[in-house]
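# Observations on chain architecture
The residues making up each chain are set out below.
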Amino acid sequence: MKTIQLHNGVEMPQFGLGTFRMADGESAYESVKYALSLGYRHIDTAQMYKNEESVGDAIRDSKVPREEIFITTKQGGHSTVENMEKLFDESLKKLQTDYVDLFLIHWPNHDKTINQQTWKFFESLYEQKKVRAIGVSNFQKHHLLDLYETARVKPMVNQVECHPGLSQVPLKKYLDEQKIALESYGPFMKGGIFEGIWEEGLGKIAKKHHATIPQIVIAWGLARGIIMIPKTVTPARLEENFKATRINLSEKEVEEINSLNRGNRIYTDPDNSPWGAYFE
Ligand SMILES: NC(=O)c1ccc[n+]([C@@H]2O[C@H](COP(=O)([O-])OP(=O)(O)OC[C@H]3O[C@@H](n4cnc5c(N)ncnc54)[C@H](OP(=O)(O)O)[C@@H]3O)[C@@H](O)[C@H]2O)c1
């Protein structure tokens with residue numbers, strides 16, 4: 001499995017399994033376990049997904065050594081240090097591990113001082129080696145600039161909405177300069193890749209590679225150096241998506257897909273999100 005080297009030297013598998021809306025219990029357990037049997041070595045979860053326990057059970061029962069699996073989890077981060085500590089310890093317990101590979105602030109708060117305080121807590125976990133890498137999610141450039149005012153450690157990853165309708169070319173360029181890896185979420189645009197200009201543009205390239213449209217979207221992200229974590233609970237799709245790691249797109253094909261960008265935000269806008277105003 002190809003890896004991306006984060007700026008602190010940690011190797012992160014470039015392809016993994018997303019688990020948002022994977023119901024806790026049989027669905028998450030069976031999907032993660034089957035994925036690991038196929039060769040997936042990177043699982044993306046979050047406290048908000050409420051499935052960390054099933055993810056932990058699946059990892060335990062997979063018999064794949066813990067150190068071979070890259071686990072990401074996320075925390076809202078809009079809370080007191082005491083609460084964040086409690087939630088982090090709960091994540092470790094549910095995941096049945098004594099460290100996570102990557103810990104992300106799930107959403108930026110609209111109040112930059114809250115993000116700065118959360119980041120201090122993340123830095124302390126990193127310094128105590130309870131997490132191998134720390135990062136953010138849904139951060140725009142201005143959120144990062146605010147964080148830098150007080151940060152001692154630069155985020156290693158920024159997980160953001162990124163797909164053919166929102167290719168994030170300017171943000172990727174900025175993150176490359178900052179040596180922050182871009183991780184994509186929502187690669188299939190909630191089904192939008194099967195419609196309109198996206199179906200047409202991606203379909204042509206898929207035909208050439210004897211591949212499916214979702215496979216081409218995964219291969220496009222990988223060719224751009226982006227970390228891809230498509231979610232599926234369907235065994236045949238787990239196989240299909242995994243096989244996309246073998247597809248190599250040309251620079252011209254990558255550019256053709258980039259040109260399908262219409263600035264389509266399908267998920268919540270981080271600057272206008274209700275979570276950005278939340279604190280408990
Ligand atoms: N940081 C954040 O704020 C944030 C937000 C959203 C997501 N994420 C992360 O990113 C991951 C991926 O995003 P996502 O789950 O929102 O969306 P996604 O991966 O773009 O799409 C998942 C949907 O696509 C379907 N699908 C998967 N593979 C397919 C294939 N080969 N052919 C046709 N349909 C296919 C799945 O159906 P079935 O499952 O029914 O097969 C599911 O309905 C999440 O799971 C989560 O880990 C993070």
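Where an unreviewed UniProt entry is consulted, the protein chain appears under the name Aldo/keto reductase, with the organism given as Peloplasma aerotolerans. UniProt annotates the protein chain under Sequence similarities (unreviewed entry) with the comment "Belongs to the aldo/keto reductase family."

Take the overall build of the protein chain next. Helices and strands together make up the secondary structure of the protein chain, namely ten helices and ten strands. The principal-axis extents of the C-alpha atoms in the protein chain amount to approximately 55 × 40 × 35 Å. Within the span of the protein chain, comprising 280 residues, buried residues form 55% of the whole. Long-range pairs, those at least 24 residues apart, make up 74% of the contacts in the protein chain between residues at least 6 apart in sequence. A total accessible area of about 12400 Å² is found for the protein chain, and carbon and sulfur atoms account for 51% of it. One finds the centroid of the 35 positive side-chain charges in the protein chain at a distance of 3 Å from the centroid of its 38 negative side-chain charges.

By nearness alone, 27 residues border the ligand, and Asp44, Thr232, Thr234, Arg237 and Tyr267 come closest of all. A distance of 2.7 Å is found between an oxygen atom of the ligand and a side-chain nitrogen or oxygen belonging to aspartate 44. Tyrosine 49 places a polar side-chain atom, nitrogen or oxygen, 3.4 Å from a nitrogen atom of the ligand. Considered on its own, the ligand offers 900 Å² of accessible surface; in the complex 85% of this is hidden by protein. Of all the elements, helix α9 (residues 235–243) adds the most residues to the shell around the ligand, at three residues. When the residues that make up the shell around the ligand are grouped by side-chain class, the tally is twelve nonpolar, ten polar and five charged.

Further remarks concern helix α8 (residues 213–223). At 3.6 residues per turn, the α-helix brings residues three or four places apart onto the same side. Counting buried positions over the eleven residues of α8 gives ten, a clear majority of the element. Those residues of α8 that fall on the buried side of the exposure criterion are Ile213, Pro214, Gln215, Ile216, Val217, Ile218, Ala219, Trp220, Gly221 and Leu222. Tucked into the core, α8 has its buried residues touching α7 (196–208), β10 (227–228), α9 and α10 (251–258).

Counting buried residues along strand β8 (residues 157–161), five of its five residues qualify, which places the element largely inside the surrounding structure. As paired elements, β8 and strand β9 (residues 181–185) share five bridges and run parallel to each other. By the bridge assignment for β9, glutamine 159 is matched with glutamate 183. Regarding topology, helix α6 (residues 169–178) serves as the crossover connection from β8 to the parallel β9, and that connection is right-handed.

Turning to its location among the elements, glutamate 253 is positioned in helix α10. What makes glutamate 253 buried here is its relative accessible area of 6%. Sequence-distant contacts of glutamate 253, that is, excluding residues within four places in its chain, are made with Ile205, Lys208, His209 and Asn248.

On the basis of which strands lie adjacent, the open sheet formed by eight strands has the order β3-β4-β5-β6-β7-β8-β9-β10 and parallel pairing. Strand pairing shows two members of the sheet lacking a second neighbour, β3 (17–18) and β10, which therefore form its edges. Pairing of strand β6 (residues 100–105) with strand β7 (residues 131–137) involves five bridges; the strand directions are parallel. Considered in β7, the bridge of valine 100 is made with valine 131. Contacts from helix α4 (residues 112–127) reach β5 (70–75), β6 and β7 within the one sheet, and its direction differs from that of β7 by about 160°.

A few words now on the nonpolar core. Ranked by internal contacts, the top residues of the largest apolar core, which has 78 residues, are Leu6, Val32, Leu202, Ile216 and Leu249. For this core, the element with the most residues is α8, which contributes seven residues. Residues contacting leucine 249, with those up to four places away along its chain left out, are Ile205, His209, Ile216, Ala219, Trp220, Val254 and Ile257.

The next point concerns the environment of arginine 152. Examined against the element boundaries, arginine 152 turns out to sit in the loop between α5 (141–148) and β8. Here the alpha-carbon distance between arginine 152 and tryptophan 119, two residues 33 residues apart in the chain, equals 9.2 Å. Ignoring any residue separated from it by four or fewer positions in sequence, one finds arginine 152 in contact with Glu123 and Glu127. A distance of 2.7 Å separates a polar atom in the side chain of arginine 152 from a polar atom in the side chain of glutamate 127.

Conventions used here
Residues numbered from 1 in each chain as written. Predicted model: local features only at pLDDT ≥ 70, side-chain atom pairs only at ≥ 80, totals over all residues. Heavy atoms only, no water. UniProt positions renumbered as here; feature names shortened; annotations may be inferred. Helix = DSSP H or I, 4+ residues; strand = E, 2+ residues; numbered from the N terminus. Buried < 20%, exposed > 50% of the residue type's maximum accessible area, 1.4 Å probe, protein only. Contact = heavy atoms within 4.5 Å. Areas by Shrake-Rupley, 256 points an atom, 1.4 Å probe, with all protein chains shown as cover. Lys, Arg positive; Asp, Glu negative; His and termini not counted. Charge placed at Lys NZ, Arg CZ, Asp CG, Glu CD. Near = heavy atom within 4 Å. Polar contact = N/O pair within 3.5 Å; in protein donor to acceptor, adjacent residues only side chain to side chain. Nonpolar A, V, L, I, M, F, W, Y, C, P; charged D, E, K, R; others polar. Pairing = 2+ DSSP bridges. Right-handed = clockwise from strand over helix to strand, strands pointing away. Axes fitted to C-alpha atoms, helices over the stretch in contact; angles between N-to-C directions. Core = buried A, V, L, I, M, F, W, Y, C linked by side-chain atoms within 4.5 Å.

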